[in-house]
Protein chains: 2
Amino acid sequence: MLDTVSVAEYMTQVGREARAASRALVAASTGVKNEALQAMARELDAARDTLATENAKDLDAGRENGLDAALLDRLALKPATIDGMIEGLRQVAALPDPCGEITDMSYRPSGIQVGKMRVPLGVVGIIYESRPNVTIDAASLCLKSGNAAILRGGSEAIHSNRAIAECIARGLRAAGLPEACVQVVQTTDRAAVGALITMPEFVDVIVPRGGKGLIERISREASVPVIKHLDGICHVYIDAKADLDKAFAIALNAKTHRYGVCNAMETLLVDAAVAEAILPRLADAYRAEGVELRGCEKTRALVTANAASDEDWATEYLAPVLSIKIVESLEEAMDHIARYSSQHTESIVTEDYSRGRRFITEVDSSSVMINASTRFADGFEYGLGAEIGISTDKIHARGPVGLEGLTSQKWIVFGDGQIRH
Amino acid sequence: MLDTVSVAEYMTQVGREARAASRALVAASTGVKNEALQAMARELDAARDTLATENAKDLDAGRENGLDAALLDRLALKPATIDGMIEGLRQVAALPDPCGEITDMSYRPSGIQVGKMRVPLGVVGIIYESRPNVTIDAASLCLKSGNAAILRGGSEAIHSNRAIAECIARGLRAAGLPEACVQVVQTTDRAAVGALITMPEFVDVIVPRGGKGLIERISREASVPVIKHLDGICHVYIDAKADLDKAFAIALNAKTHRYGVCNAMETLLVDAAVAEAILPRLADAYRAEGVELRGCEKTRALVTANAASDEDWATEYLAPVLSIKIVESLEEAMDHIARYSSQHTESIVTEDYSRGRRFITEVDSSSVMINASTRFADGFEYGLGAEIGISTDKIHARGPVGLEGLTSQKWIVFGDGQIRH
């Protein structure tokens, strides 16, 4: 392992090479980028034996270090995982290239023609945990969007990631692109992360993928913009004018379709006018799914539930637990959301035009829905074709982030010799 | 003056009220916002005497504290300055409202309809120096874009700013909006700035307007995103295939139209193939305007110029000084720009289709031009109708920032009861 000075020097070198490679990528055609993605897919397919051998080293070390079954499962590169990586590369190759798109060109009174061109951000740093397939996922999205990538995976996956990096490098070479377009950090020293997030001269944005602890630490320490979300405290509000069959289906789906995901509902708000009609029926369904209910006092007068504390309203359970609150009005529902939501996704169930319109306009979350399950807040469901993460920030990317979220727009001006008077 | 604890408490109160007011603004119609802007214009017009009295206090104090003539001039609220503020409010009222715009709605295979709605950022903090008219300018842009504003002007202008704040408050009241939609920080304590830039729970973005020192300090210390540019090291590149009359006009205009502005050219790059034909003619014209030339060796073989040091290429003169470098190719010009540009604005003068296309695609600056003066990089020239600043960052806003730069987009989903399978 390198010492700290060497890690800093190594990361500076990685950053400098990424910056240089990013200039080559801006000039690379869509065809060349797609060729690289297809070549990487072929290289992965040809390297299945090597990948298995290298992955076994990580799995052995993981077992020795006492990693739990879930972590070992995420670490494993099964044949199906490799199939998925290959398929992912081909899907990203098939997506439209966001770069170079020119929009809004118009003539100004001075005679200049002004508009915008979509361009890569430059260099993207991705920090993730044990899943080695993220290496391919992140590499492909960065490459397609014209960004050089610096990938820092979990140290448990270092052998797998190095083997995948070899395939990526061969794919880049096959397309005539610099290998530094995608660099996998070769040291497992934690100082490498600290360096990566504090090199604004070489890195334009950081995308952390992993647990809340990792993301909080990176956000706090980074001197580079971070595309991230910390929490998904999502709400469904069943309005007084809801279609109760839709309400039942949505409230059940939003909680029970999957528990450990950021777009699962954590709090159900129910208008007092329909609470009696919908809550007992819903409570039975939740109980059948094994969901623990925690309710406000009014809720507990209608259904069996533990008492919800103030902390419950602010908690992302990521588990079969649901907090329920009965509210007197749309305003009370929106006040509750404004106070406790993590600004990820909220949905109203209503047949009332004006209330739906107010909810959509006034609720300040990255996704706001009418009569749909919060589980739809997802890059693939939204048609982005890919997703590098979900952002609950308002600056730059918001909500599911696809290829476009890894780009920016510059102004372009076409003139005929115009000068300013 | 408040002590530090009180300043922190006061700023927390300001932040909390701004956050609450921002929710009222999201719900406010375009008509109500415009009514407030028109009412502010009337209030300013009616308060000319008070404004003169309060401004005189600032000017007297400024003279006592030895402010120089330029600073006193910026501090002065002359009748024409007030006319300009009133006219500015009316112009912003006439601009289209960026909020609520819905775009890209499309149906997905699941049956949900997905698109984006443009929404305010929330609360904008603006930190500026002595010009009191910025108070109106910033207030009007924030209000129109649906953002609550916290304005911190220079302490030299505190009496003027408080008087302007009174007019703003009366205008907001007249339109039925909370006064906290626009708050002028009432203390001149510097700790207020430190508090303002470290309250992410209350402030969504900071826009500093002022000298490089102020902006650097704020960027370093802020825990909130900052929309900013530090330098304008802009280049004009005269290509081998340039129309030399256009080149002459653009190179002269980009340097001499105004010196103290961020979009003035600081370095002229000339292709060796046309250097002899254009440089002596340009040098004469610059000399007639009193511009000091600093050139590379090849330049100095053709025209009288001081020797340019490496530092010159990295300097924003904001003065009648120009550095000139002769390059052998488009590539050398783009390499020089990649190394020294502040990514503000670069222009190529050429009649060559492919070289123009490469320059536009590969140069990574907020504005990239063909055959136009860099002086056009400006919100008004680009048709934004207003400008709150120019950003040389790539994240969020880039280049001239108008009303749209003070907004974000959220995802909206219209369903009919869809759940995820």
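Along each chain, residues carry numbers from 1 onward, in the same order as the chain's sequence is written. For naming, the first written chain is A and the first written ligand is 1, with later ones following in the order written. At least 70 in pLDDT is required for a residue's local features to be given in this predicted model, at least 80 for side-chain atom pairs to be given and counted, and no such filter applies to totals for whole chains, interfaces and linings, which use all residues. Each side-chain value is worked out from all heavy atoms of the structure, with water and hydrogens disregarded.

Looking at an unreviewed UniProt entry, one finds chain A named Gamma-glutamyl phosphate reductase and attributed to Gilvimarinus japonicus. The Pathway (unreviewed entry) field of the UniProt record for chain A holds the comment "Amino-acid biosynthesis; L-proline biosynthesis; L-glutamate 5-semialdehyde from L-glutamate: step 2/2." According to UniProt, the comment filed for chain A under the heading Subcellular location (unreviewed entry) is "Cytoplasm". UniProt positions are given in the numbering used here, feature names are shortened, and annotations may be inferred rather than shown by experiment.

Novice: Can you walk me through the relation of the copies chain B and chain A in this structure?
Specialist: These two copies of the chain differ by a rotation about an axis and a displacement along the same axis. C-alpha atoms of residues with pLDDT of at least 70 in both copies form the basis for the least-squares superposition of the copies. When chain B is fitted to chain A, the residual RMSD is 0.0 Å, and the transformation amounts to a turn of 180 degrees plus an axial shift of 0.0 Å. Both copies of the chain, as the preceding transformation shows, are related through a two-fold rotation axis. Residue B:His396 of chain B places its C-alpha closer to the rotation axis than any other residue of that unit, at 2.0 Å. A contact between two residues is defined here by any heavy atoms of the two lying within 4.5 Å. Both copies share a contact surface, since 100% of the interface residues of chain B are interface residues in chain A too.

Novice: How should I be thinking about the pairing of strand β2 (residues 113-120) of chain A in this particular structure?
Specialist: Residues and elements named next belong to chain A. Here's how the labels work: a residue is buried when its accessible area is under 20% of the maximum for its type, exposed when over 50%, partly exposed in between, all with a 1.4 Å probe on protein chains only. Secondary structure elements follow DSSP: runs of H or I no shorter than four residues count as helices, runs of E no shorter than two count as strands, and numbering proceeds from the N terminus. In terms of residue burial, β2 counts as a mostly covered element, since eight of its eight residues are buried. The criterion for strand pairing is that DSSP finds at least two bridges linking the strands in question. Here strand β1 (residues 102-107) runs beside β2; their pairing, made up of four bridges, is antiparallel. When the sheet's bridge partners are listed, Ser106 is paired in β2 with Val114. Taking the residues that link successive antiparallel strands as the turn, the β1-β2 hairpin has five residues, and the phi of Gly111 there is positive, at about 100 degrees. Note: β2 against strand β16 (residues 407-418), eight bridges, orientation antiparallel. Bridging from a neighbouring strand, Gly115 pairs with Ile412 of β16.

Novice: I would appreciate a short explanation of the interface of chain B and chain A in the present structure.
Specialist: When the parts of a complex come together, some accessible area is lost, and that lost area is often taken as the interface size. At the interface, 66 residues of chain B touch 67 residues of chain A. When two parts are brought into contact, each loses some accessible area as probed by a 1.4 Å sphere; the total of that loss over both is the buried area. Between chain B and chain A the total buried area reaches about 5600 Å² when both faces are included, carbon and sulfur atoms providing 56% of it. Of all residues in chain B, B:Ile395, B:Trp411 and B:Arg420 give up the largest surface area on contact with chain A, accounting jointly for 16% of the area buried on that side. Definition used for salt bridges: Asp or Glu carboxyl oxygen within 4 Å of a side-chain nitrogen of Lys or Arg. Where B:Lys116 meets A:Glu404, a salt bridge forms, and the shortest distance between an N and an O atom there is 3.8 Å.

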